[in-house]
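Letter by letter, the chains look like this.
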Amino acid sequence: MGDAPLAGLRVVELARILAGPWIGQTLADLGAEVIKVEAPEGDDTRRWGPPFVERDDGHGGTETVAAYFHAANRGKRSVRCDFADPEDLARLKDLIAGADVLIENFKLGGLARWGLDYPTLSADNSGLVYASVTGFGQDGPRAAQPGYDFMIQGLSGIMDLTGEPDGQPQKVGVAWIDVFTGLYGVIGIQAALAERARSGMGQHVDLSLLDTGVAVLANQATNHLLGGTAPTRLGNAHPNIVPYQVFATSDGHLIVACGNDRQFAALADVLGLGGLASDPRFATNGARVANRETLAPMIEDATRRRLRDALIADLGGAGVPCGPINSVAEALSDPQVAARGMVISPEGLQGVRTPIGFSRSELSLERAAPILGADGWKGWD
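Residues numbered from 1 in each chain as written. Predicted model: local features only at pLDDT ≥ 70, side-chain atom pairs only at ≥ 80, totals over all residues. Heavy atoms only, no water.

## Describing the overall build of the protein
Each helix and strand counted, the protein has 14 helices and 13 strands in total. Each of the three principal axes of the protein carries a C-alpha extent, and together these read 80 × 50 × 40 Å. Taking all 381 residues of the protein together, 44% fall into the buried category. The contacts of the protein with a sequence gap of at least 6 include a subset with a gap of at least 24, amounting to 67%. Accessible area of the protein: about 18900 Å², with a carbon and sulfur share of 54%. Between the centroid of the 32 positive side chains of the protein and the centroid of its 46 negative side chains there is a distance of 2 Å. (Helix = DSSP H or I, 4+ residues; strand = E, 2+ residues; numbered from the N terminus. Buried < 20%, exposed > 50% of the residue type's maximum accessible area, 1.4 Å probe, protein only. Contact = heavy atoms within 4.5 Å. Areas by Shrake-Rupley, 256 points an atom, 1.4 Å probe, with all protein chains shown as cover. Lys, Arg positive; Asp, Glu negative; His and termini not counted. Charge placed at Lys NZ, Arg CZ, Asp CG, Glu CD.)

## Here's the deal with the pattern of salt bridges
Between side chains of opposite charge, a pair can form as their charged atoms come close. Overall, the coordinates contain 19 salt bridges when judged by the stated rule. The shortest N-O distance in the salt bridge between Arg-46 and Glu-38 comes to 2.8 Å. Note on Arg-46: relative accessible area 5%, which makes it buried. Asp-88 is the salt-bridge partner of Arg-91, the closest N and O atoms lying 4.0 Å from each other. With Arg-91 and Asp-88 both in helix α3 (residues 86–97), this residue pair falls three residues apart, about one helical turn. Of the residues examined, Arg-91 reaches a relative accessible area of 35% and is grouped as partly exposed. One network of salt bridges, in which partners are shared, links Glu-13, Lys-36, Asp-43 and Lys-76. (Salt bridge = Lys/Arg side-chain N within 4 Å of Asp/Glu carboxyl O.)

## Things to note about helix α5 (residues 149–156)
Given 3.6 residues per turn, any residue in an α-helix points the same way as the ones three and four places further on. Those residues of α5 that fall on the buried side of the exposure criterion are Asp-149, Ile-152, Gln-153 and Ser-156. The buried residues of α5 occupy an angular sector of 110° when projected down its axis, which confines them to one face. In this structure, the buried residues of α5 make contact with α6 (176–199) and α7 (209–215). Looking one or two residues beyond α5, the residue adopting positive phi is Gly-157, at roughly 105°. (Arc of directions from axis to C-beta.)

## Considerations on the state of the cysteines
What the rule picks out here adds up to zero disulfides. Take Cys-258: it sits in no disulfide, and the sulfur closest to it among the cysteines is that of Cys-322, at 9.0 Å. For Cys-258, a relative accessible area of 0% translates into the label buried. (Disulfide = S-S within 2.5 Å.)

## Section: the side chain of Thr-303
Along the polypeptide, Thr-303 turns up in helix α11 (residues 292–303). The class for Thr-303 is buried, based on a relative accessible area of 1%. If near-sequence neighbours (up to four positions away) are discounted, Thr-303 is found in contact with Phe-247, Ala-248, Thr-249, Ser-250, Leu-271 and Leu-311.

## A word on the packing of α5 against α6
Axis separation between α5 and α6 bottoms out at 8 Å; the angle between their running directions is 90°. Comparing the axis directions of α5 and α6 gives the class roughly perpendicular. Where α5 abuts α6, its residues Asp-149, Ile-152, Gln-153 and Ser-156 lie against Trp-176, Ile-177 and Asp-178. Here the residues of the contact of α5 with α6 are counted per class, giving three nonpolar, two polar and two charged. (Axes fitted to C-alpha atoms, helices over the stretch in contact; angles between N-to-C directions. Parallel < 35°, antiparallel > 145°, perpendicular 65-115°, else oblique. Nonpolar A, V, L, I, M, F, W, Y, C, P; charged D, E, K, R; others polar.)

Structure follows, in structure tokens:
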């Protein structure tokens, strides 16, 4: 195996919390040298616990940091920087002058007062790819407003699609839009680097949480735009596919995800409902969607008579996509997850790697999240 794909790339991260640091962590896993520049008190998520992790700080003491911080900062180096300190600010600008990428998630225009905005920095480093993460982007009527994942989940429409029809709208169980924005940030940065290889010029990459939240509505957005009806909550059911939902068994629940008519026919056979596949009300997916309120109870009446694991085995043997609803602990200990090496332990601290594999390259997964200020300013000239 060869080096990590982004070996030799230098990234300066002026970002906190999740979306910006997720960009930096992904680039670090891909081999980039990522220097996390933190305020003297450190990233806010160092204190977002419990749980907390205590470890040797390398100077005869210990550092106690929230597990949350470790989820988004693996593989980086850390320097403290007080923008109000002229010496610190000068060192930071020197560091950026030799960098390939800068990531920041300050409020709109917030870095300009320190001369850390894109127009100022690009004058000294024309090849700099400068990625900004904000709630609402660099322009538009809400550009100056703060934005956080939870409120953006509400604004973007995803909460109106999540939860039971007669229940409260629900957010996703992780900061879903922050993570997606981080991944789009990586895509945007890599695209800008590819363009730089042709033009020799860097550019400003503009990332908005709201843009991302709307973009990843995917088929639900086009269902509305092309179908004319606003989709809403269906619980665990799918707006375009039936059956594609959770069903109760005698000892729990399972997911059934029939993506075509053959899979539905196999499901019906396993459940002893073979006649449903030839019933005009259910023979095609379109018919099943139209008659979901009739079909779903018929399926669940049959699944409730079966043990979950035995039914999953029978359905899997018949080629019907299905599975259990795991806890986080069960998911992380799944044999397939283990076989793929998803759980890693850099410097003894467990985490989950970037889920990308290469035929010739390796990820860079040796470093844990950094001790605050561990790297100082030395070594970055």
